[in-house]
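# Report on the structure
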Amino acid sequence: MPAETRTAVDKALDLVEAVARADRPPRLTDLAEEVGLHRATAYRVLVDLVRRGWVLRAGDRYLPGTAVLRLSSSAARNSLGALARPVLDRLSERTGMMVNLQVPEVDRSRVIDVVRPDRLAMISRLMGEALPVHRFAGPLALVAALEPADRAPYLRTAEADGHPLDGPDGLLADIERTARTGFAVEYGRNEQPVASLGRAVVTGTGAPVCALTMVGLGAEIDENRLGLLQELLREATDELGRILSGPGSPAPSSPSTPTASASASIDAMRPAADRAESVTASPSPSPTPTPTPEGPA
């Protein structure tokens, strides 16, 4: 970054980040060179960072300060991944599908957490990978939730990869359909015979914060199951949206117990072995005694 465009905050953050990523505690000269600051300027900023606890000075070397450690501990408890993980676990358990959490980046989305059942071990987790909008349901759901003017970087990525924008099979039609229904559906564009269903999580700002995506075999996300899967995904994304909205918004409700018909539908989506195990584990109902006819009074 050119020196003339760097603010005081930029310089401070550059130094904190340099201290945090160093293989061993760096000296002042090392830090100044690393972030491109004059030695005297770096020293003045470091004095303030030490005073505020963001950097710890040990002799002529610098380490992450107590403020960084407290922030890291808090982030581990209150990060998006930590807050969303129970929602992912429940959705995966209820559907038997792999569920991932994605966040928008400049022209793609990135997978930051995944819950994958053992039975779907053959499907790639894609953990940490950046996904283009024209091949995955997660980024498609996120882009469809953006204002049209904000979609351009994602469209350029698809164009550069040779994917058509126009026409009934073009990306713009996919985005319009997803924006209209609220759900992105993808069949085998990245991996056969894998399908995915995604929905964006939108908070009070109106912009998408993240997306939840269910991933499974294409035969398991067919017309017969799609409606129920969409409803379960809607419940999960709405719950996560309430959690992220924080105090002042309605408290996240506990997952509701499925109705008898929903339970049957969810059970039908599970592999046969799992259903058999569930039936075996269920106690047999006690026989209802046959009433004995009463004699005359």
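Residues numbered from 1 in each chain as written. Predicted model: local features only at pLDDT ≥ 70, side-chain atom pairs only at ≥ 80, totals over all residues. Heavy atoms only, no water.

### Observations regarding helix α6 (residues 137-144)
Burial analysis of α6 places 8 of its 8 residues in the buried class, the great majority of the element. Residues of α6 that are buried include every one of A137, G138, P139, L140, A141, L142, V143 and A144, and no others. (Buried < 20%, exposed > 50% of the residue type's maximum accessible area, 1.4 Å probe, protein only. Helix = DSSP H or I, 4+ residues; strand = E, 2+ residues; numbered from the N terminus.)

### A word on the nonpolar core
Ranked by internal contacts, the top residues of the largest apolar core, which has 23 residues, are L212 and M214. Contributions of two or more residues to this core are made by α5 (80-95), β3 (98-104), β7 (194-202), β8 (208-217) and α9 (223-245). With 6 residues, α9 is the single largest residue contributor to this core. Ignoring anything within four residues of it in the chain, the contact list for L212 reads V87, L88, N100, L101, L197, G198, R199, L233, A236, T237 and L240. (Core = buried A, V, L, I, M, F, W, Y, C linked by side-chain atoms within 4.5 Å. Contact = heavy atoms within 4.5 Å.)

### What to know about helix α7 (residues 152-160)
All of the buried residues in α7 are Y154, L155, T157 and A158. Mapping the buried residues of α7 onto a view down its axis gives an arc of 155 degrees, with all of them on the same face. α7 presents R156 and A160 as exposed residues on the side facing more than 90 degrees away from its buried surface. Next to the buried residues of α7 lie β3, α6 and α8 (171-181). Once α7 finishes, G162 follows within two positions and takes phi at roughly 85 degrees, a positive value. (Arc of directions from axis to C-beta.)

### As for the pattern of salt bridges
For the structure shown, the criterion picks out 17 salt bridges. Across the pair R21 and E34 runs a salt bridge whose closest N-O atoms are separated by 3.0 Å. Remark: E34 occurs in helix α2 (residues 28-35) and R21 occurs in helix α1 (residues 8-21); sequence separation between them is 13 residues. You can call R21 partly exposed: its relative accessible area is 48%. Given a relative accessible area of 48%, E34 falls into the partly exposed group. A salt bridge links D48 to R51, with the shortest nitrogen-to-oxygen separation between them at 3.5 Å. Of the two residues, D48 and R51 are both situated in helix α3 (residues 39-52); the distance of 3 residues between them amounts to about one turn of the helix. Its relative accessible area of 40% is what places D48 among the partly exposed residues. Given a relative accessible area of 60%, R51 falls into the exposed group. Each of R85, D89 and D113 takes part in a single network of salt bridges with overlapping partners. (Salt bridge = Lys/Arg side-chain N within 4 Å of Asp/Glu carboxyl O.)

### Side note on the packing of α5 against α9
In helix packing, the relevant descriptors are the interaxial angle and the interaxial distance, both defined with respect to the helix axes. Two elements in contact, α5 and α9, have axes separated by 10 Å at closest approach and are oriented at 160 degrees. Classed by the angle they form, the pair α5 and α9 counts as roughly antiparallel. Read as a crossing pair, α5 and α9 show a hand that is right-handed. In contact with L80, L83, A84, V87, R90, L91, R94 and T95 of α5, α9 contributes L229, L232, L233, E235, A236, E239, L240, I243 and L244. Partitioned by chemical class, the residues of the contact of α5 with α9 number 12 nonpolar, 1 polar and 4 charged. (Axes fitted to C-alpha atoms, helices over the stretch in contact; angles between N-to-C directions. Parallel < 35°, antiparallel > 145°, perpendicular 65-115°, else oblique. Left-handed = near helix turned anticlockwise from the far one by under 90°. Nonpolar A, V, L, I, M, F, W, Y, C, P; charged D, E, K, R; others polar.)

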